[in-house]
Amino acid sequence: QVQLTESGGGLVQTGGSLRLSCPTFGRTVSTYIMGWFRRAPGKERVFVAAVAYSGDTMYADSVKGRFTVSRDNANGTTYLQMNNLKPEDTAVYYCGVTTGRLNIATKVPWEYSFWGPGTQVTVSS
């Protein structure tokens with residue numbers, strides 16, 4: 001079993017920045033893919049970014065150039081640095097863990113075995 005807990009969400013103005021963190025507890029996940037998803041009000045959970053053990057990354061087109069995903073393999077923590085935030089980034093952000101390689105399946109939420117409870121990010125205009 002793996003436990004994840006997101007933190008770092010909050011209220012920020014358009015153009016501002018936030019850094020989300022997601023430490024893991026329980027089973028060692030250092031070799032897993034760690035991903036970030038978000039769910040806006042009334043919408044489904046969608047892929048944001050993912051990082052493999054190697055440090056290779058993948059991003060949704062909507063956040064490329066603004067968000068940076070990273071991880072600390074020593075403590076099993078993934079980070080999501082979000083810059084130049086826009087109102088459309090408002091959502092609950094979730095981190096998850098999956099296996100395999102970075103590919104199209106990485107963008108699919110049901111490929112992830114474990115999830116955190118989420119953290120709210122609100123961007124005011």
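Here the structure is shown first, and the text comes after it.
Residues numbered from 1 in each chain as written. Predicted model: local features only at pLDDT ≥ 70, side-chain atom pairs only at ≥ 80, totals over all residues. Heavy atoms only, no water.

A. Molecular detail of the pairing of strand S8 (residues 67–72). Residues Phe67, Val69 and Arg71 of S8 are buried on one face, while the alternating residues Thr68, Ser70 and Asp72, pointing to the opposite face, are not. Both S8 and strand S9 (residues 77–82) contribute to a ladder of six bridges, which runs antiparallel. Counterpart to serine 70 in the pairing with S9 is tyrosine 79. Turn length for the S8-S9 hairpin, with the two strands adjacent in sequence and antiparallel, is four residues, and the turn residue glycine 76 shows positive phi of about 65 degrees. (Buried < 20%, exposed > 50% of the residue type's maximum accessible area, 1.4 Å probe, protein only. Helix = DSSP H or I, 4+ residues; strand = E, 2+ residues; numbered from the N terminus. Pairing = 2+ DSSP bridges.)

B. Representation of the pattern of salt bridges within the structure. In total, this model carries three salt bridges according to the counting rule given. For the salt bridge of lysine 64 with aspartate 61, the shortest nitrogen-to-oxygen distance reads 3.2 Å. Here aspartate 89 and arginine 66 are joined by a salt bridge, their closest N and O atoms 2.7 Å apart. Residue aspartate 89 is located in the loop between S9 and strand S10 (91–98), and its partner arginine 66 is located in the loop between strand S7 (57–59) and S8; the two are separated by 23 residues in the primary sequence. With a relative accessible area of 9%, arginine 66 lands in the buried category. (Salt bridge = Lys/Arg side-chain N within 4 Å of Asp/Glu carboxyl O.)

C. Representation of the state of the cysteines in the model. All chains considered together, the criterion is met by one disulfide. Paired through a disulfide, cysteine 22 and cysteine 95 show a sulfur-sulfur distance of 1.8 Å. On the sign convention where negative is left-handed, the bridge of cysteine 22 and cysteine 95, at about 45 degrees about the S-S bond, is right-handed. Of the two residues, cysteine 22 sits in strand S3 (residues 18–22) while cysteine 95 sits in strand S10, which places them 73 residues apart along the sequence. (Disulfide = S-S within 2.5 Å.)

D. Seen up close, the sheet that holds S9. An order of S3-S9-S8 is seen for the three strands of this open sheet, with the pairing classed as antiparallel. Bordering the open sheet on either side are S3 and S8, each of which pairs with just one other strand. Mean inter-strand twist for the sheet, computed between neighbouring axes without regard to direction, equals 15 degrees. (Axes fitted to C-alpha atoms, helices over the stretch in contact; angles between N-to-C directions.)

E. Representation of the nonpolar core within the structure. Formed by 34 residues in total, the largest nonpolar core has its most connected members in Trp36, Val48, Phe67, Leu80, Met82 and Tyr93. Looking at which element gives the most residues to this core, the answer is strand S6 (residues 46–51), with five residues. The contact partners of tyrosine 93, leaving out residues within four places of it in the chain, are Glu6, Leu20, Phe37, Arg38, Val48, Phe67, Leu80, Met82, Gly118, Thr119 and Val121. (Core = buried A, V, L, I, M, F, W, Y, C linked by side-chain atoms within 4.5 Å. Contact = heavy atoms within 4.5 Å.)

Treat this as a map of the structure, not an account of what it does.
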